[in-house]
Amino acid sequence: MPVIDVDRVSHAYGEGSNRRVVLSDVSLRLTEQRIGIVGANGSGKSTFVRMLNGLVLPTSGSVRVDGLDTRKSGREVRRLVGFCFTDPDAQIVMPTVREDVAFGLRRRGLSKDQVAARVAGMLATYGLEGHADHPAHLLSGGQKQLLALSSVLVTEPAVLVMDEPTTLLDLRNAAKVSGAVRDLPQQVVLVTHHLDLLDGFDRVLVFDETRVVYDGTPASAVAHYRELMA
Amino acid sequence: MSVLGLYQPGGTVLHRARAGTKLGVMLAAGVASVLLDHWWQVLVALGVVLGGYAVARIPARMAVLQVRPLVWMVGLIALFHVLSGSWERAFVVTGLIATLVLLAALVTMTTRTTDMVDAVVGLCRPLRRVGVDPERVGLMLALGIRSVPVVVGLAEEVRDAQRARGLTASPRAFAVPLIVRSLRHADALGDALVARGVDD
């Protein structure tokens, strides 16, 4: 498993009187295969996961993935760390399903046939092969999120970060997405409000008011989170 | 809206033709259209384009859907020409607009966006010398095509929210949330592009 080192990371948006601190002095070493993150809205968890692939650079402190600093080696880190967002519509960038999955493989030095084979394999894995030439915007919410997931996984990242990937989905579609994630060989960092998705996870972090306030097993972390929110 | 200008999979000769060639033919047809002056010339051009639909095995229904949004505009133009000139002029102008729109739609429906983007990237390559990044131009084109249904979806949501709150048609109450949501979407899309390695 890749090792993610988060060293004394703080982050603030804005300046002067508009300055808003969203993360305060967070230090963690993530080595487990399944890591969950829960917390109230505005607790800093989304900013935290955006730091894991260098989308957000910390105001102070450092984040290293397998020894690569997100500040100095953003490109290499992004190749290692795939990111799946809450709203699939905002991350599907090409008009049709097949084209969107192929998009991530541009400039990877692969031949057209190699790209086609990898895309076809990915679409078959997630049950989208019948929609390959369909416009992405006509898919259901669950299919769109599976497409977004396929488009990230086709590049074979070592880590998959997911920021509330099931928040906009109904229970059936949420189960489809979580089922797809369960069998992945990758290290997964999942932010979620669907607490049952964390069953079987190795480690769960609870964020509250810009800090990690609990770090433990899913059962104990969820109990702590419920207590905190009561 | 959802069927406007979308790729229709197929293996016909038009599907297999190079995207650059198709774009070139479209451009040439647009330029040459100014030379057509008689009703029968327009009819021949229209016939050729409709023949293209038959060759590409695209149903007539799809062809009708491409020109339907033009009915009001073309109707007004035709009315103007009938009142100010002749029936023939009205036919030539409206017929040419319909022919060119049908041709553009035929190119879109028989060409994958990625092939179209690759062709545009190829065409822009000489511009690299003056500081233009061809890949970026291609990406802009793809994002433009992709964003149409997204913005239409946002507009529908804003209109529904207005109706649910009992607000009558107010252009400002429609435009402001639509612009705000579109900008938010653009922001999220930017993040996704960075995460997918576009800038790397």
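Residues numbered from 1 in each chain as written. Chains lettered and ligands numbered in written order. Predicted model: local features only at pLDDT ≥ 70, side-chain atom pairs only at ≥ 80, totals over all residues. Heavy atoms only, no water.

We count it as follows: UniProt positions are given in the numbering used here, feature names are shortened, and annotations may be inferred rather than shown by experiment.
By the naming in an unreviewed UniProt entry, chain B goes by Energy-coupling factor transporter transmembrane protein EcfT and is assigned to Nocardioides jiangsuensis. Under the UniProt heading Subcellular location (unreviewed entry), the note attached to chain B is "Membrane".

As recorded in an unreviewed UniProt entry, chain A goes by Energy-coupling factor ABC transporter ATP-binding protein and comes from Nocardioides jiangsuensis. What UniProt records for chain A under Sequence similarities (unreviewed entry) is the sentence "Belongs to the ABC transporter superfamily."

### Description of the overall build of chain B
Our working rule: Counting from the N terminus, the helices are DSSP H or I runs at least four residues long and the strands are E runs at least two residues long. For the exposure calls, accessible area comes from a 1.4 Å probe over protein chains only, and a residue counts as buried if that area is under 20% of its type's maximum, exposed if over 50%, partly exposed in between. Here the accessible surface of atoms and residues is derived via Shrake-Rupley with a 1.4 Å probe, and residues count as covered only by protein chains that are part of the display. Charge counting treats Lys and Arg as positive and Asp and Glu as negative, with His and both chain ends excluded. Charge positions come from single atoms, namely NZ of Lys, CZ of Arg, CG of Asp or CD of Glu.
What chain B contains, in helices and strands, is nine helices and zero strands. Secondary structure elements of chain B occur, N-terminal to C-terminal, as α-α-α-α-α-α-α-α-α. Along the three orthogonal principal directions, the C-alpha set of chain B runs to about 55 × 50 × 35 Å. Residues counted as buried form 32% of the 200 residues belonging to chain B. Of the roughly 12,000 Å² that chain B leaves accessible, carbon and sulfur atoms contribute 68%. Taken together, the 20 basic and 13 acidic charged side chains of chain B have centroids lying 5 Å from each other.

### Topic: the nonpolar core
All names here are of chain A. Counted only if it meets this: Among buried residues, those of type Ala, Val, Leu, Ile, Met, Phe, Trp, Tyr and Cys that are joined through side-chain atoms within 4.5 Å constitute a nonpolar core.
In terms of nonpolar packing, the biggest core is built from 42 residues, with Tyr126, Leu147, Leu149, Leu160, Met162 and Leu198 touching the most fellow members. Among the elements that line this core, the one with the most residues is helix 5 (residues 141-153), at six residues. Residues Val9, Leu55, Val63 and Val65 belong to the second largest nonpolar core, which totals 29 residues.

### Observations regarding the packing of helix 4 (residues 60-67) of chain B against helix 6 (residues 87-110) of chain B
Residue and element names in this part refer to chain B. As a reminder of what qualifies: Structural elements are reduced to axes, namely lines fitted to C-alpha atoms, with helices fitted over the stretch in contact, and the angle between N-to-C directions of any two is expressed from 0 to 180 degrees. The labels follow the angle: roughly parallel below 35 degrees, roughly antiparallel above 145, roughly perpendicular from 65 to 115, and oblique for the rest. Should the near helix be turned anticlockwise from the far one by less than a right angle, the crossing is termed left-handed; should it be turned clockwise, right-handed. Note on contacts: a residue pair qualifies if any of its non-hydrogen atoms lie within 4.5 Å across the two residues. Throughout this entry, Asp, Glu, Lys and Arg are counted as charged residues, while Ala, Val, Leu, Ile, Met, Phe, Trp, Tyr, Cys and Pro are counted as nonpolar. The remaining residues, Gly among them, count as polar.
In contact at an axis separation of 9 Å, helix 4 and helix 6 are set at 120° when each is read in the N-to-C sense. Between helix 4 and helix 6, the angle falls in the class oblique. In terms of crossing hand, the pair formed by helix 4 and helix 6 is right-handed. Mapping the contact onto sequence places Met62, Ala63, Gln66 and Val67 in helix 4 and Ala98, Val101, Leu102, Ala105 and Met109 in helix 6. Partitioned by chemical class, the residues of the contact of helix 4 with helix 6 number eight nonpolar, one polar and no charged.

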